[in-house]
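What the coordinates show
Below are the chains, spelled out letter by letter.
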Amino acid sequence: MDNNRENVLQDTALIFEIKGNSLDDGPGIRTVVFFKGCPLRCVWCHNPESIRKAVELSFDEKECLGCDSCIGVCPCGALDRAAPHFIDTVRCTLCLKCVEACPSAALSRVGRFLTVDDVLEAVHKDLPFFKTSGGGVTLSGGEPTLHLDFIEILLKELRCMGISTLLETCGLFDMDRFADRVFPFLDMIYFDIKLMDEEEHEKFCGVSNHRILENFERLCGLSRTGGAEILPRIPLIPEITATSRNLEAIASYLRGLGVSRVEVLPYNPLWMQKLRKIGVSSDWGGNEIMRTWMKPSAVEACRDIFRDFEMS
Ligand code: SF4
Ligand code: SF4
Ligand code: SF4
């Protein structure tokens, strides 16, 4: 089977991780399903392995034992110690023979085509924790709505099982299809708002924010008539989103829509290590401020901006 086909069957989706027992992605203990593929290209992407809607090969230099078993089995000569990222992605056909030969999991496959039943099987393991903790299932990524047919079926199944559902989204999707087919089966939506200035959004996220904001406004309207609760979330990226000008503009926009709750996400520089593993270089990697964790006082100063607008 060709590993790079975007959708092998209609009822499969490309998923790069299912994380059980998570305490970080919504209320209570949750199973988090990470979908692969995203229409944005944020320069700080916290899950860079999620962006391409294709299976990829990851190489973790720190785990490598230097045994060269992988080089011996590669039929394409795609592994070369002299190459900048070890894997020559142009030559690699993703046969994954090197992954099977690797004794240390330094080489690994990123992304599998899974069925709804595969996901439900993973969810079943966490079922006992959902009731006691008020948890459930979170769809994350990447952008789950790129797999709309799949998440519609999955969400319906979860609703039948009485499991709480949460979607984390970048907000760029076909709103008419989303409103009809996905929104009715969600309990909560975490909606990322990154930059209010359209040109900056294009520069740092690769697309205009026009449709994202339009979708947010329509979702707020839908939410007011019942259904899923919407929580806007703002990733704090030093000198990009975490500026007083941008945060004040977001706060003012949200207050204008009657939103009173917001979550800010402190900056995490670990994305750079993940980027290296999939052999992608970044123009931002050499930027000292992007390599540094944000100080708690700086995060609080950002939260204060929203408090000034009477938001919690
Ligand atoms: S929207 Fe999220 S997953 Fe997509 S590129 Fe931006 S940070 Fe990465
Ligand atoms: S996946 Fe196959 S072609 Fe690619 S580097 Fe590994 S062995 Fe070589
Ligand atoms: S097989 Fe694995 S451990 Fe051995 S050299 Fe290749 S990547 Fe490193």
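Neighbouring ligand 1 are the residues Cys38, Leu40, Cys42, Cys45, His46, Ser50, Ile51, Gly142, Cys170 and Lys194. Grouping the constituent residues of the shell around ligand 1 by class yields 6 nonpolar, 3 polar and 1 charged.

What follows covers the packing of helix H8 (residues 244-256) against helix H10 (residues 296-308). The geometry of H8 relative to H10 is characterised by a closest axis approach of 9 Å and an angle of 35° between their N-to-C directions. The handedness of the crossing between H8 and H10 is right-handed. Along its contact with H8, which presents Ser244, Leu247, Glu248, Ile250 and Ala251, the element H10 presents Cys302, Ile305 and Phe306. Across the contact of H8 with H10, the residue classes break down as 6 nonpolar, 1 polar and 1 charged.

Taken together, Leu57, Cys74, Pro75, Cys76, Ala78, Leu79, Cys92, Thr93, Leu94, Cys95, Leu96 and Cys98 make up all the residues around ligand 2. Tallied by class, the residues present in the shell around ligand 2 amount to 11 nonpolar, 1 polar and no charged.

So, on to the packing of aromatic side chains. The full count for this structure, using the stated rule, is 6 aromatic pairs. Seen in terms of ring centroids, Phe35 and Phe150 are 5.9 Å apart; in terms of plane orientation they differ by 75°. Their pairing is edge-to-face. Remark: Phe150 occurs in helix H4 (residues 148-160) and Phe35 occurs in strand E2 (residues 30-35); sequence separation between them is 115 residues. Summarising the aromatic geometry, the rings of Phe173 and Phe178 are spaced 4.2 Å apart at their centres and angled 20° between planes, so their arrangement reads as stacked. As far as the burial class goes, Phe173 and Phe178 line up, both buried. Three or more aromatic residues joined by ring pairs make a cluster, and in this case those are Phe191, Phe216 and Tyr253. Positioned above the aromatic ring of Phe86, the side-chain terminus of Arg81 is 4.7 Å from the ring centre.

Further remarks concern the sheet that holds strand E5 (residues 112-115). Strands sit in the order E5-E1-E2-E6-E7-E8-E9-E10 across an open sheet of 8 strands; the sheet is mixed. Among the strands making up the open sheet, the edge pair consists of E5 and strand E10 (263-265). Put simply, the sheet's adjacent strands are angled 30° from each other on average, direction ignored. In terms of strand pairing, strand E9 (residues 229-235) meets E10 through 3 bridges, oriented parallel.

As for its position among the elements, Thr31 is in strand E2. Classification of Thr31 as buried rests on a relative accessible area of 1%. In this structure the C-alpha to C-alpha distance between Thr31 and Leu231, which are 200 residues apart in sequence, comes to 19 Å. Thr31 has contacts with Ile18, Lys19, Gly20, Val123, Asp126, Phe130, Gly136, Val137 and Thr138, leaving out every residue within four places of it along the chain. Separated by 2.7 Å, the side chains of Thr31 and Asp126 make a polar contact.

Rules used in this analysis
Residues numbered from 1 in each chain as written. Chains lettered and ligands numbered in written order. Predicted model: local features only at pLDDT ≥ 70, side-chain atom pairs only at ≥ 80, totals over all residues. Heavy atoms only, no water. Near = heavy atom within 4 Å. Nonpolar A, V, L, I, M, F, W, Y, C, P; charged D, E, K, R; others polar. Axes fitted to C-alpha atoms, helices over the stretch in contact; angles between N-to-C directions. Helix = DSSP H or I, 4+ residues; strand = E, 2+ residues; numbered from the N terminus. Left-handed = near helix turned anticlockwise from the far one by under 90°. Contact = heavy atoms within 4.5 Å. Phe/Tyr/Trp six-rings, centres within 6.5 Å; stacked < 30°, edge-to-face > 60°. Buried < 20%, exposed > 50% of the residue type's maximum accessible area, 1.4 Å probe, protein only. Lys NZ or Arg CZ within 6 Å of the ring centre and 35° of its normal. Pairing = 2+ DSSP bridges. Polar contact = N/O pair within 3.5 Å; in protein donor to acceptor, adjacent residues only side chain to side chain.

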